[in-house]
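# Close look at the chain arrangement
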Amino acid sequence: MADDHVAARGAKGRALGLLGGTFDPVHYGHLRAADAVRRALHLAEVRLFPAGDPPHRAAPVATAAHRLAMLALALPEFPGLVVDAREIARAGKSYTVLTLEELRAEAPSRPLALILGVDAFAGLPTWHRWQAILDLAHLVVVTRPDAALADALAGPLAEVWVARHVDDAARLESQPAGAIYALTIAPQPISATFIRRALAAGTDGLDAVRGMVPPAVLAYIDRNQLYRSRPDAT
Ligand code: ATP
């Protein structure tokens, strides 16, 4: 790998994990994956960043206030996971690069590790100022045991991978940014799309999604009648 990209620059402190998403609603797929990455890489914490206005997809179904409330109810089960609501507070599209620039300004030498699934990683070249992202944070690309990361490495990502990937997780602590590390974790076959569709489908919806979200989140969804009567919910 090319050391000009991951040269030691006086990194300070344990790496901070970052997971963006819509969390519409938060579920055990997000929570267990974030927790598994935190443990595997000994991260100080993983911050979850609910998007205000996600650039690459339709607007969330639940309001920002509801999505934040559900995250607050979910997190006590997972010490080490923390919510950061800055993308909701910020006006405009929730571009990851802006969030990383803010975090970098707050802690210039702190290692930052942006956690991405393989699909998100494969789409990275479509993100706003994607190359700047590579210099603001490390990337942790989360793969499943059966997933071929090589399939995602087309076009400009192939070059980026060759230049920046590291096999030693210690590199994520010895530099503040710039490396790409692939981490295999157990798959969690849960998606927010499935949960929204099940809840919209009818009265058995709550039973269909029990066990996919923390009980306090399910109770909140029920109490506030979220994701109901929306056959168009995607
Ligand atoms: P939707 O179905 O609405 O697309 P989602 O749960 O897949 O929702 P987000 O809430 O945007 O998507 O996900 C936030 C982050 O969590 C993304 O990086 C996504 O890849 C990751 N993620 C979502 N579901 C899982 C899961 N089951 N296991 C591991 N990571 C997940």
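The present account deals with the structure reproduced in this document. (Residues numbered from 1 in each chain as written. Predicted model: local features only at pLDDT ≥ 70, side-chain atom pairs only at ≥ 80, totals over all residues. Heavy atoms only, no water.)

### Some thoughts on the overall build of the protein chain
A count of helices and strands for the protein chain gives 11 helices and 6 strands. The C-alpha atoms of the protein chain give a radius of gyration of 18 Å, which matches the 17 Å a tight globule of 234 residues would have. In terms of its C-alpha atoms, the protein chain occupies a principal-axis envelope of roughly 55 × 35 × 30 Å. Taken across its 234 residues, the protein chain has 47% of its residues classed as buried. Sequence-distant contacts in the protein chain: of pairs separated by 6 or more residues, those separated by 24 or more amount to 76%. For the protein chain, the accessible surface area stands at approximately 10,700 Å², while carbon and sulfur atoms represent 54% of it. Computing the positive centroid from 24 side-chain charges and the negative centroid from 24, the protein chain places the two 4 Å apart. (Helix = DSSP H or I, 4+ residues; strand = E, 2+ residues; numbered from the N terminus. Rg over C-alpha atoms; globule rule 2.2 N^0.38 Å. Buried < 20%, exposed > 50% of the residue type's maximum accessible area, 1.4 Å probe, protein only. Contact = heavy atoms within 4.5 Å. Areas by Shrake-Rupley, 256 points an atom, 1.4 Å probe, with all protein chains shown as cover. Lys, Arg positive; Asp, Glu negative; His and termini not counted. Charge placed at Lys NZ, Arg CZ, Asp CG, Glu CD.)

### Description of helix α2 (residues 64-74)
Of all the positions in α2, only R67, M70, L71 and A74 are classed as buried. Down the axis, α2 shows its buried residues gathered within 100° of arc, on one side only. Turned more than 90 degrees from where α2 packs its buried face, A65 and A72 sit exposed. The inward-facing, buried residues of α2 contact α1 (28-41), β2 (45-50), β3 (81-83), α3 (86-89) and α11 (215-223). (Arc of directions from axis to C-beta.)

### Concerning the site of the ligand
In the vicinity of the ligand lie 16 residues, with H27, H30, R57, Q188 and T193 positioned nearest. At 3.1 Å from an oxygen atom of the ligand is found a main-chain nitrogen or oxygen belonging to T22. Within the backbone of Q188, one N or O atom sits 2.6 Å away from a nitrogen atom of the ligand. Considering the ligand on its own, with 600 Å² of exposed area, one finds that the protein chains cover 75% of that surface. Among the secondary structure elements, those contributing two or more residues to the shell around the ligand are β1 (16-21), α1 and α9 (192-201). Residue composition of the shell around the ligand, by class: 5 nonpolar, 9 polar and 2 charged. (Near = heavy atom within 4 Å. Polar contact = N/O pair within 3.5 Å; in protein donor to acceptor, adjacent residues only side chain to side chain. Nonpolar A, V, L, I, M, F, W, Y, C, P; charged D, E, K, R; others polar.)

### Details of the pattern of salt bridges
Within the structure shown, the criterion is met by 13 salt bridges. A salt bridge links D84 to R47; the nearest nitrogen and oxygen atoms lie 2.9 Å apart. Note that D84 is positioned in the loop between β3 and α3 and R47 in strand β2, a separation of 37 residues in sequence. Since its relative accessible area comes to 17%, R47 is described here as buried. Each of E45, R47, D84, R86, R90, E102 and E106 takes part in one network of salt bridges that share partners. (Salt bridge = Lys/Arg side-chain N within 4 Å of Asp/Glu carboxyl O.)

### Points about the nonpolar core
L31, L48, M70 and V140 are the most contacted members of the largest nonpolar core, which has 43 residues in total. With 5 residues, the top contributor of residues to this core is α1. When near neighbours in sequence (up to four residues on either side) are disregarded, V140 contacts V37, L41, A113, L114, I115, L116, L172, Y181 and L183. Grouped together as the second largest cluster of nonpolar side chains are 27 residues, L112, L139, V141 and L149 included. (Core = buried A, V, L, I, M, F, W, Y, C linked by side-chain atoms within 4.5 Å.)

### Thoughts on the packing of aromatic side chains
Considering all chains together, one arrives at 1 aromatic pair under this definition. When the centroid spacing of 6.3 Å and the interplanar angle of 55° are considered together, the rings of Y28 and F78 count as tilted. One end of the pair, Y28, is in helix α1; the other, F78, is in the loop between α2 and β3, with 50 residues separating them in the sequence. With respect to class, Y28 is no different from F78; both count as buried. Positioned above the aromatic ring of Y28 is the side chain of R32, whose terminal nitrogen or guanidinium carbon lies 4.2 Å from the ring centre. (Phe/Tyr/Trp six-rings, centres within 6.5 Å; stacked < 30°, edge-to-face > 60°. Lys NZ or Arg CZ within 6 Å of the ring centre and 35° of its normal.)

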